[in-house]
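The lines below spell out each chain.
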Amino acid sequence: FETFSGSVRSEMTTPTGAAILAALARPVPAALAARRRLIGYGAGDRDFRETPNLLRIFIGPAGEGQPGEQEIVELQTNIDDMNPQFYGPLLQHLIAEGGALDVFYHPVVMKLGRPGVLLTVLCEAPQREKIAGMLFRETTTLGVRYLTKRREILNRSFVPVITRFGQVRIKIASLGSDVINYAAEFEDCQRLAQAAGAPLKDVYNEAMAAYWETRRRGSGESQN
């Protein structure tokens, strides 16, 4: 968790409160994209000269991603002595458990002419230390480099469509009011294809056709 100090010379939370947050919550960016549906306030007993003694809570779903610039961290490490069978599970673990935005690797030639792998992980700043720890524990690397970068992103949302196989989410990427790209969620299509014993491409193509028909009728592009 990121912390900061202010001008108030007083305890701003109790050890019990901090322990509850550490156990039940997870760190998020300071500028978390969210749709605020409810806002609650609680007042403390102490009166501070510098600031009101209030606790504020926002309740609402996190945004799928707001358009514009986003600050991310890029972690990299070079590895030349690890069993290649470990890379597949590592990539899945970094995304599922570490909260990585993206993970990829490509072959490189390292010192002494050894073939190696350059492993790159993209994440938000609060996840940097966690992911670095995972890389140290789950690979043979002795060091991890990281850089803070900025990237331009499109707004992302989901629209459900109904096919004869079941419901599939369509991921929409838009710039303002313009839909730039759209694609059927692979996991939805894969699950439905396995359940129906149907070719994956048939489920995918039918979902894309259903979304296009929804757009044609003028009732699509609403967020789920």
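Novice: Could you give me a rundown of the overall build of the chain, with the residues and numbers involved?
Specialist: Broken down by element type, the chain carries five helices and nine strands. Counting over 224 residues, the chain shows a buried share of 29%. Restricting the contact set of the chain to residue pairs at least 6 apart, pairs at least 24 apart contribute 58%. In the structure as shown, the chain presents an accessible area of about 15,500 Å², 53% of it carried by carbon and sulfur atoms.

Novice: I'd like a rundown of the packing of aromatic side chains, residues and numbers included.
Specialist: In total, this model carries two aromatic pairs according to the counting rule given. Relative to Y211, the ring of Y182 lies with its centre 4.7 Å away and its plane at 55 degrees, an arrangement referred to as tilted. Linking Y182 in strand β9 (residues 178–184) with Y211 in helix α5 (residues 200–216), this pair joins segments that are 29 residues apart in sequence. For Y182, a relative accessible area of 26% puts it in the partly exposed group. Given the relative accessible area of 0%, Y211 is considered buried.

Novice: So what about the packing of helix α4 (residues 186–196) against α5? Which residues, and what values?
Specialist: α5 packs onto α4 with a crossing angle of 125 degrees between their chain directions and a minimal axis gap of 8 Å. For the element pair α4 / α5, the angle class is oblique. In this structure, α4 meets α5 at a crossing whose hand is right-handed. Only L200, V203 and Y204 of α5 make contact with α4, whose side of the interface consists of F186, C189, Q190, L192 and A193. Here the contact of α4 with α5 is composed, by residue class, of seven nonpolar, one polar and no charged.

Novice: Any chance you could break down the pattern of salt bridges for me, citing the residues and the numbers?
Specialist: The tally for this structure, following the rule as stated, stands at ten salt bridges. Residues D80 and R114 are paired through a salt bridge, measuring 3.4 Å at the closest nitrogen-oxygen approach. Placement of D80 in the loop between β3 (68–79) and α2 (87–96) and of R114 in the loop between β4 (102–109) and β5 (115–123) is noted, with a sequence separation of 34 residues between them. On the basis of relative accessible area, D80 is assigned to the partly exposed category, the value being 27%. The network of salt bridges with common partners includes R169, E185, D188 and R191.

Novice: Can you tell me about the nonpolar core, naming the residues and giving the values?
Specialist: Among the nonpolar cores identified, the biggest contains 19 residues, and L75, L94, V103, L119, V121, I131 and L135 are the most heavily contacted of them. When residues of this core are traced back to their parent elements, those giving at least two are β3, α2, β5 and α3 (128–138). If near-sequence neighbours (up to four positions away) are discounted, L135 is found in contact with L94, L119, V121, T141 and V144. Grouped together as the second largest cluster of nonpolar side chains are 16 residues, I172, A193, A207 and M208 included.

Novice: Provide a residue-level description of the environment of R191, including the pertinent values.
Specialist: Note that R191 resides in helix α4. Judged by relative accessible area, R191 falls into the partly exposed class, the value being 46%. Each C-alpha atom of the pair R191 and V203 lies 9.8 Å from the other, and the pair is twelve residues apart in sequence.

Definitions and limits used
- Residues numbered from 1 in each chain as written.
- Predicted model: local features only at pLDDT ≥ 70, side-chain atom pairs only at ≥ 80, totals over all residues.
- Heavy atoms only, no water.
- Helix = DSSP H or I, 4+ residues; strand = E, 2+ residues; numbered from the N terminus.
- Buried < 20%, exposed > 50% of the residue type's maximum accessible area, 1.4 Å probe, protein only.
- Contact = heavy atoms within 4.5 Å.
- Areas by Shrake-Rupley, 256 points an atom, 1.4 Å probe, with all protein chains shown as cover.
- Phe/Tyr/Trp six-rings, centres within 6.5 Å; stacked < 30°, edge-to-face > 60°.
- Axes fitted to C-alpha atoms, helices over the stretch in contact; angles between N-to-C directions.
- Parallel < 35°, antiparallel > 145°, perpendicular 65-115°, else oblique.
- Left-handed = near helix turned anticlockwise from the far one by under 90°.
- Nonpolar A, V, L, I, M, F, W, Y, C, P; charged D, E, K, R; others polar.
- Salt bridge = Lys/Arg side-chain N within 4 Å of Asp/Glu carboxyl O.
- Core = buried A, V, L, I, M, F, W, Y, C linked by side-chain atoms within 4.5 Å.

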